[in-house]
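Single-letter residue listing:
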Amino acid sequence: MTAAEVARLAGVGRAAVSNWRRRHEDFPAPAGGTDVSPLFALSEVEGWLRRQGKLAAANQRDWLWPHFDALGDRDRMGLAVAAVGAACLRGGPDRTPLPLPGLPDLAEPADPDLVDRAVEVARAEGPYETFEFLRGRWLDTHVRQISSTPGELAELMTALALPDGDAPSAGASAPAPTVLDPACGTGTLLSSALRRTAAQGRPAALLGQESAPTCAALAAVRLAFEYRAAAGSAGSAGSGPAAGSPPPAFPAPDIRTGDTLRADAFPDVRADAVVCNPPFNERDWGHDELAWDDRWAYGLPPRTESEIAWVQHALARLRPGGTAVLLMPPAAASRRAGRRIRSALLQRGALRAVVALPPGAAPPHGVALHLWVLRNPGDAPAPDCLLLVDAAGAQAPAGQPHAPQPADGRTGPDWPAVHAAVLDAWREFESRGEHTEDRPGRHRAVRVIDLLDDEVDLTPARHIPQGVAAGEAPDLGGRWDDLAAALRQADVLSADLRALGSPAGTAAPASSGDRPAAASPVGVPQTTVGDLLRSGHLSLHPGTSAHQPLVRDGEAPPGAVRVLTAADVLAGAEPSGWLPAAEVDPAWTVTRPGDVVVAVAPHHAATRVADGVPAVLGPQVHALRPDPGALDPWFLAGSLRSRANVRQAGTHASTTSRVDLRRMQLLRLPLAEQRRYGAAFQRLDAFERTVARAAAVGDDLVRSLTDALAAGLVPPEPEGAAGTG
């Protein structure tokens, strides 16, 4: 385990761990790693902390996970986690009447000692909380092998499949709806369905099937906990989850293991709703052996269209009028191989809506996935329209707060805005059908006949006008004002910069552009960064990659320390990450005011002078810390940016090239003269940022004008100008 992990598990900062290593001779020696990023043996660190009495306040769940992680095998770890939850459910005061059918025998796991220890921790810190912590860490550890549905997306899918309008009125009774997930993973969609239907007063009968036994076991245990809690809430006042059996009308979840397409565990079920995040791009899904399967009512899915097979399976397991919501890859809406079945789905009224989600809504995060909303049409006449929704750019309206970023700092879709955009469009379409109002850039009800061409392309962006929505013309006047302000500021800054290039002006290094750095026009001697380092007038502080596993993205909260990467410096951007102050290791380079931050690419060098806000430096970034009595930081930063300097300091191998920072040169000038040059470099830096801002404002203005013209929101010429020549 790393020093950062030791700090997190002990509930202290990185600095405390560094102090322990220096002050306590009996602190465990590194068992591996490097001098910069040492690794320690878990058992040794845990034993030392216990002897020192430093483990009492630590979260015991945090110390459990490294022991599970040490099991190594993914399935062994997952089944051990499931065994912990099952032991809590079946034993002691936390037992539940819910059986766990169709699962491996979890009563005698392969790692009984570890399970027993986890159960003891669970008794102190909460059985469900402990199980969910371990399940979440297992998923995080194997995120590249196991794809799970984000909770916000699961809530959206269940809201589409189980609308509030279907809930019984007060005093009325209704049978519990049946919800099926034929590829349930660890049960996120079924968990969302249980919470939603329990809140509606009619907890659903949950049916799930999963091909991976470990995921099925975790799903069953998870839903058993949540079923018990919901059953307790549905019981009489004062009776908790363990007070007895749930009411007879409250059906228990049924999770089974198996390949849904080849060996359907629920062939006779006709569910009220199906929610599913199926596997994508499968080739061996059973095309040949299932060629005559009666589920293919809309045509045999092509071998390359496994997702269409899941769509038809979902429809086959719905009652007439039931709704299915499936997460789909965007290519499924347009691939030629599936156009015949898409056409049949449209003509028979089975496909009711296609929703384009923002990138990052679910793995794979780089792709804007789709939701398909389907309905078993039964004998009802086919509707005339398909709803297409483009929620890829959904965001909170002006004047309303945006969704808060997650605690881990990761950025993602504005889920409240996405939910509002999708659900508002769906509710309007359900009530108004073909009379649904078109919203350019957002949603449109398209006539089925208009979609039945040679392609049957159902991609929302191809059919929704991508202009600005009606009544939402952009503030073009404000954008023109912003551009004018930026240009005025650039003009002001340029006034005293023009003299640098004039014969009467004072020549500065910036004006000599592409001249070799050694060829000073006034014969001023040169020095190098290496010489300044050796003389002690300059110190070099490299960045590190040791903090990368801990870095959070997004806006930094108050008190956090920003993280500056090479990409940030080269792009002239603000720091892109942050760290809690307690996790910053004293050994890492943190900028001070006056530091010159340098990042070099093969043919480019970027510099900036650090301000008063500290930042941790990432790999390939260096801080040059000048002696303020010998070097001016702005003079140093400006000199190192010279293109001629980059060329002469370049080194080349057979297939690569790089810039050697120590070989970069600058004029050897008295400090007072350096400050004159530094002031010019500082004005030039301000001018560069102002010009970049003007370019960005101008680009935004051009895009806004283009969108407004394309949407017909502004006339192509001023009134009265037509025909004036």
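Residues numbered from 1 in each chain as written. Predicted model: local features only at pLDDT ≥ 70, side-chain atom pairs only at ≥ 80, totals over all residues. Heavy atoms only, no water.

Looking only at helices and strands, the protein has 20 helices and 23 strands in total. Here the protein, with 725 residues, has 47% of them falling under the buried criterion. Sequence-distant contacts, at least 24 apart, represent 73% of the contacts inside the protein between residues at least 6 apart. Of the roughly 34,500 Å² of accessible surface on the protein, 52% is carried by carbon and sulfur atoms. (Helix = DSSP H or I, 4+ residues; strand = E, 2+ residues; numbered from the N terminus. Buried < 20%, exposed > 50% of the residue type's maximum accessible area, 1.4 Å probe, protein only. Contact = heavy atoms within 4.5 Å. Areas by Shrake-Rupley, 256 points an atom, 1.4 Å probe, with all protein chains shown as cover.)

Let us look at the pairing of strand β7 (residues 318-328). Counted residue by residue, β7 has eight buried out of 11 residues, so it is predominantly covered. Crossover handedness for the path strand β6 (residues 271-276) to helix α11 (residues 306-316) to β7: right-handed. Sheet topology places β7 next to strand β9 (residues 370-375); six bridges connect them, and they run antiparallel. Bridge pairing in β9 places leucine 326 opposite tryptophan 372. (Right-handed = clockwise from strand over helix to strand, strands pointing away. Pairing = 2+ DSSP bridges.)

Quick look at helix α20 (residues 671-710) now. The end-to-end C-alpha distance of α20, which contains 40 residues, comes to 58 Å, matching closely the 58 Å that a straight helix rising 1.5 Å per residue would cover. Phi for glycine 712, located one or two positions after α20, is positive at around 75 degrees. (Expected span 1.5 Å × (residues − 1).)

It is worth spelling out the sheet that holds strand β20 (residues 621-626) at this point. Across a sheet, paired strands are connected by hydrogen bonds in the backbone, their directions being either parallel or antiparallel. The four strands lie next to each other as β13-β20-β17-β18, forming an open sheet whose pairing is antiparallel. Looking at strand neighbours, the two that pair on one side only are β13 (538-542) and β18 (604-609), the edges of this open sheet. Strand after strand, the sheet turns through a mean of 25 degrees between neighbouring axes, direction not considered. This element, helix α18 (residues 633-640), spans β13, β17 (596-601), β18 and β20 of the sheet and lies at about 165 degrees to β18. (Axes fitted to C-alpha atoms, helices over the stretch in contact; angles between N-to-C directions.)

Let us look at the pattern of salt bridges. Scanning all chains against the criterion turns up 32 salt bridges. As a salt-bridge pair, arginine 74 and aspartate 75 come within 3.7 Å of each other at their nearest N and O atoms. We note a salt bridge from arginine 317 to aspartate 264, for which the minimum N-O separation is 2.6 Å. Here the residue arginine 317 occupies a position in the loop between α11 and β7, and aspartate 264 occupies one in the loop between β5 (254-257) and β6, the gap between them amounting to 53 residues. The pair formed by arginine 317 and aspartate 264 is uniform in burial state, with each residue classed as buried. Salt bridges sharing common partners tie together Asp259, Arg262, Asp284 and Glu289. (Salt bridge = Lys/Arg side-chain N within 4 Å of Asp/Glu carboxyl O.)

Turning our attention to the sheet that holds β6. The mixed open sheet is built from nine strands, whose spatial order is β5-β4-β3-β6-β7-β9-β8-β10-β11. Looking at strand neighbours, the two that pair on one side only are β5 and β11 (443-447), the edges of this open sheet. On average, adjacent strands in this sheet sit at an angle of 15 degrees to one another, irrespective of strand direction. Bridging between strand β10 (residues 385-390) and β11 involves five bridges; their strand directions are antiparallel. Looking at the pairing, leucine 387 lines up with alanine 445 of β11. The strands that helix α8 (residues 151-161) touches are β6, β7 and β9; relative to β7, the one it contacts most, it runs at about 155 degrees. On the sheet, helix α13 (residues 415-432) packs against β8 (351-356), β9, β10 and β11 and is oriented at approximately 165 degrees with respect to β10.

A word on the packing of aromatic side chains. Summed over all chains, the structure comprises eight aromatic pairs. Ring-pair connections join several aromatic residues into one group, and the members of that group are Trp20, Phe27, Phe40 and Trp48. A cation over an aromatic ring shows up here: arginine 348 above the ring of tyrosine 298, its NZ or CZ 4.3 Å from the ring centre. (Phe/Tyr/Trp six-rings, centres within 6.5 Å; stacked < 30°, edge-to-face > 60°. Lys NZ or Arg CZ within 6 Å of the ring centre and 35° of its normal.)

This brings us to the packing of helix α15 (residues 476-495) against α20. Closest axis-to-axis distance for the α15/α20 pair is 9 Å, and the angle between their directions is 160 degrees. As summarised for this structure, α15 and α20 are arranged roughly antiparallel, according to the angle between their axes. You can see that α15 and α20 cross each other, and the crossing is left-handed. Residues Leu476, Arg479, Trp480, Asp482, Leu483, Ala486, Leu487, Gln489, Ala490, Leu493 and Ser494 of α15 form the contact with α20, whose own contacting residues are Ala686, Phe687, Thr690, Arg693, Ala694, Val697, Gly698, Asp700, Leu701, Ser704 and Leu705. Residue composition of the contact of α15 with α20, grouped by class: 13 nonpolar, five polar and four charged. (Parallel < 35°, antiparallel > 145°, perpendicular 65-115°, else oblique. Left-handed = near helix turned anticlockwise from the far one by under 90°. Nonpolar A, V, L, I, M, F, W, Y, C, P; charged D, E, K, R; others polar.)

So, about α15. If you check α15, its first and last C-alpha atoms are 29 Å apart, about what 20 residues at 1.5 Å a residue would give, namely 28 Å. Listed as buried for α15 are Leu476, Gly478, Leu483, Ala486, Ala490 and Ser494. Taken down its axis, α15 places every buried residue within 170 degrees of arc, on the same side. Residues of α15 that are exposed and angled more than 90 degrees away from the buried face: Asp481, Arg488 and Val492. Looking at the buried side of α15, the elements it contacts are α20. (Arc of directions from axis to C-beta.)

With that settled, consider the nonpolar core. Counting residues in each nonpolar core, the largest one holds 47 residues, and the members touching the most others are Leu156, Leu160, Val179, Leu357 and Leu371. For this core, the element with the highest residue contribution is α13, accounting for eight residues. Dropping the residues within four chain positions of it, leucine 357 is found in contact with Leu153, Leu156, Leu327, Ala368, Leu369, Leu371, Ala392 and Val418. Residues Leu180, Leu207, Met328 and Leu458 belong to the second largest nonpolar core, which totals 42 residues. (Core = buried A, V, L, I, M, F, W, Y, C linked by side-chain atoms within 4.5 Å.)

With that settled, consider unusual backbone geometry. In this structure, proline 364 follows proline 363 across a cis peptide bond, with omega equal to -5 degrees. Relative to the elements of secondary structure, proline 364 occurs in the loop between β8 and β9. The backbone of valine 456 shows a phi angle near 50 degrees, a positive value even though the residue is not glycine. Residue placement: valine 456 occurs in the loop between α14 (448-451) and α15.

What follows concerns the packing of helix α6 (residues 112-125) against helix α7 (residues 127-141). Two numbers describe a pair of packed helices, the interaxial angle and the distance between the axes. Taken N-terminus to C-terminus, the directions of α6 and α7 make an angle of 125 degrees; their axes are 7 Å apart at the nearest point. The angle between the axes of α6 and α7 places the two elements in the oblique class. Counted together, Ala118, Val121, Ala122 and Glu125 of α6 and Pro127, Glu129 and Thr130 of α7 form the full contact between these two elements. Within the contact of α6 with α7, the residues separate by chemical class into four nonpolar, one polar and two charged.

Another aspect to go through is the confidence of the model for the protein. Confidence along the protein averages 82 in pLDDT terms, with 83% of residues attaining 70 or more. Ignoring residues within four places in sequence, the model shows residues 236-248, a span with pLDDT below 50, making 14 contacts including any to other chains. Here residues 504-521 is a poorly scored stretch, pLDDT under 50, and it has 29 contacts once near neighbours within four places are set aside; other chains count. (pLDDT = per-residue confidence, 0-100.)

Further remarks concern the state of the cysteines. The tally for this structure, following the rule as stated, stands at zero disulfides. No disulfide involves cysteine 276; its sulfur sits 9.2 Å from the nearest other cysteine sulfur, which is in cysteine 184. (Disulfide = S-S within 2.5 Å.)

For the rest of this paragraph, the subject is the side chain of serine 191. Within the secondary structure layout, serine 191 lies in helix α9 (residues 188-199). Among the polar contacts made by the side chain of serine 191, one reaches the side chain of arginine 195 at a distance of 2.8 Å. When neighbours within four sequence positions are excluded, serine 191 is seen to be in contact with Arg222, Leu223 and Glu226. (Polar contact = N/O pair within 3.5 Å; in protein donor to acceptor, adjacent residues only side chain to side chain.)

With that out of the way, let us pick up the environment of methionine 664. Note on placement: methionine 664 falls in the loop between β22 (657-659) and β23 (665-667). Remark: the alpha-carbon pair of methionine 664 and serine 639, spanning 25 residues in sequence, is separated by 8.8 Å. Aside from chain neighbours lying at most four places away, what touches methionine 664 is Thr527, Thr528, Val529, Ala605, Leu640, Asn645, Val646, Gln648, Ala649 and Val659.

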